Amino acid sequence: MGHMGVRRLVRWSLVGWAAGAAAVAQAQVAGGSVVYRCPGNVYTDAITAQEAKDKGCRTLEGAPVTVVQGVRPRAAAPSVATSGPRPADSKVEPGEQRARDSDARRILDSELRMEMERLAILQKEFNNGEPERRGDERNYQKYQDRVAEMKATIARKESDIAALRRELGKLPQ
């Protein structure tokens, strides 16, 4: 079967499935099954009219409802304890958490130093809003565009530095 034949077969299979689903939905509605939409986007047909009224649910008419089941997360594999019992309210051992925090602090410190160095280079090149003109900037607008871009880059670097400092402030000493 060629490529087009497979595509046609899949298309007709989907059409057949959709028609079957529509027939089932019509049969349910014709059979007296009423679907209610309740607060919190909860759809149900398992309550009475009085229960629906009490909960503030509305009747859905003429609209097919499709329910998609979510994937439930699998239970985590049991971990092997490395040293001694863990506190009941802690998910990570205190020693391991301290190591993670120190690694995070080291990484953030390194990033902060790099960003501060880059900012210093940019500010030096920016020269208080009057950077040296390049040879390809005979047109004054090109120069102004580069100055504006440099100013925006400096503002982003300052924002990045402030964010890194906030993150460092969140870590325990």
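Everything below is about the structure shown above.
Residues numbered from 1 in each chain as written. Predicted model: local features only at pLDDT ≥ 70, side-chain atom pairs only at ≥ 80, totals over all residues. Heavy atoms only, no water.

Undergrad: Tell me what's going on with the nonpolar core, and back it up with residues and numbers.
TA: One finds Leu 108, Leu 112, Phe 126, Ile 154 and Leu 168 to be the most contacted residues of the largest nonpolar core, which totals 13 residues. Elements supplying a minimum of two residues to this core: α3 (94-126) and α4 (140-170). With seven residues, the top contributor of residues to this core is α4. Contact partners of Leu 168, with chain neighbours within four places excluded, come to Arg 105, Leu 108, Asp 109 and Leu 112. Core analysis: the second largest hydrophobic core is formed by five residues, Tyr 36, Ile 47, Ala 52 and Cys 57 among them. (Core = buried A, V, L, I, M, F, W, Y, C linked by side-chain atoms within 4.5 Å. Buried < 20%, exposed > 50% of the residue type's maximum accessible area, 1.4 Å probe, protein only. Helix = DSSP H or I, 4+ residues; strand = E, 2+ residues; numbered from the N terminus. Contact = heavy atoms within 4.5 Å.)

Undergrad: Can you lay out the side chain of Arg 146 for me, pointing to particular residues and giving the numbers?
TA: Mapped onto the secondary structure, Arg 146 falls in helix α4. A polar atom in the side chain of Arg 146 sits 2.5 Å from the backbone oxygen of Glu 132. (Polar contact = N/O pair within 3.5 Å; in protein donor to acceptor, adjacent residues only side chain to side chain.)

Undergrad: A description of the environment of Ala 46 should follow, citing residues and the corresponding values.
TA: By the element assignment, Ala 46 lies in the loop between β2 (42-44) and α2 (49-55). By relative accessible area, Ala 46 is classed as exposed at 67%. Along the chain, Ala 46 and Val 34 lie 12 residues apart, while their C-alpha atoms are 8.7 Å from each other.

Undergrad: Outline the packing of aromatic side chains, listing residues and values.
TA: Applying the stated criterion across every chain yields a total of one aromatic pair. A cation over an aromatic ring shows up here: Arg 133 above the ring of Tyr 143, its NZ or CZ 5.2 Å from the ring centre. (Phe/Tyr/Trp six-rings, centres within 6.5 Å; stacked < 30°, edge-to-face > 60°. Lys NZ or Arg CZ within 6 Å of the ring centre and 35° of its normal.)

Undergrad: Go over the side chain of Thr 44, please, and point to the residues and values.
TA: Looking at the element boundaries, Thr 44 is found in strand β2. Separated by 3.0 Å, the side chain of Thr 44 and the backbone nitrogen of Ala 46 make a polar contact.

Undergrad: Any details on α3? Residues and values, ideally.
TA: Spanning 33 residues, α3 covers 47 Å between terminal C-alpha atoms, matching the ideal 48 Å at 1.5 Å per step. Of the surrounding secondary structure, the elements contacted by the buried residues of α3 are α4. In the stretch just after α3, Asn 127 is the one whose phi turns positive, near 55°. (Expected span 1.5 Å × (residues − 1).)

Undergrad: Could you give an account of the sheet that holds strand β3 (residues 58-60), naming the residues involved and the relevant values?
TA: In space, the three strands of this open sheet follow the order β2-β1-β3, with antiparallel pairing throughout. Since the sheet does not close on itself, it has two edges, and those belong to β2 and β3, each with one partner. Strand-to-strand twist of the sheet, defined as the mean angle between neighbouring strand axes without regard to direction, takes the value 35°. One ladder, built from three bridges, connects strand β1 (residues 35-38) with β3; its direction is antiparallel. Across the sheet, Val 35 pairs through a bridge with Leu 60, a residue of β3. (Pairing = 2+ DSSP bridges. Axes fitted to C-alpha atoms, helices over the stretch in contact; angles between N-to-C directions.)

Undergrad: An account of the pairing of β1 is needed here, citing residue identities and associated values.
TA: Every second residue of β1 is oriented toward a common face, the buried set being Tyr 36 and Cys 38 and the non-buried set Val 35 and Arg 37. Alignment of β1 against β2, held across three bridges, turns out to be antiparallel. For Arg 37, the partnering residue across the bridge sits in β2 and is Tyr 43. Counting the residues that bridge the hairpin from β1 to β2 gives three residues, and of these Gly 40 lies at a positive phi of roughly 85°.

Undergrad: Could you give me a rundown of α4, with the residues and numbers involved?
TA: The end-to-end C-alpha separation of α4 is 46 Å, in line with the 45 Å expected for 31 residues at 1.5 Å each. Taken together, the buried positions of α4 are Tyr 143, Arg 146, Val 147, Met 150, Ile 154, Lys 157, Ile 161, Leu 164 and Leu 168. Its side-chain oxygen 3.0 Å from the backbone nitrogen of Gln 141, Asn 139 forms the N-cap of α4.

No statement about biological role is implied by the geometric values presented.
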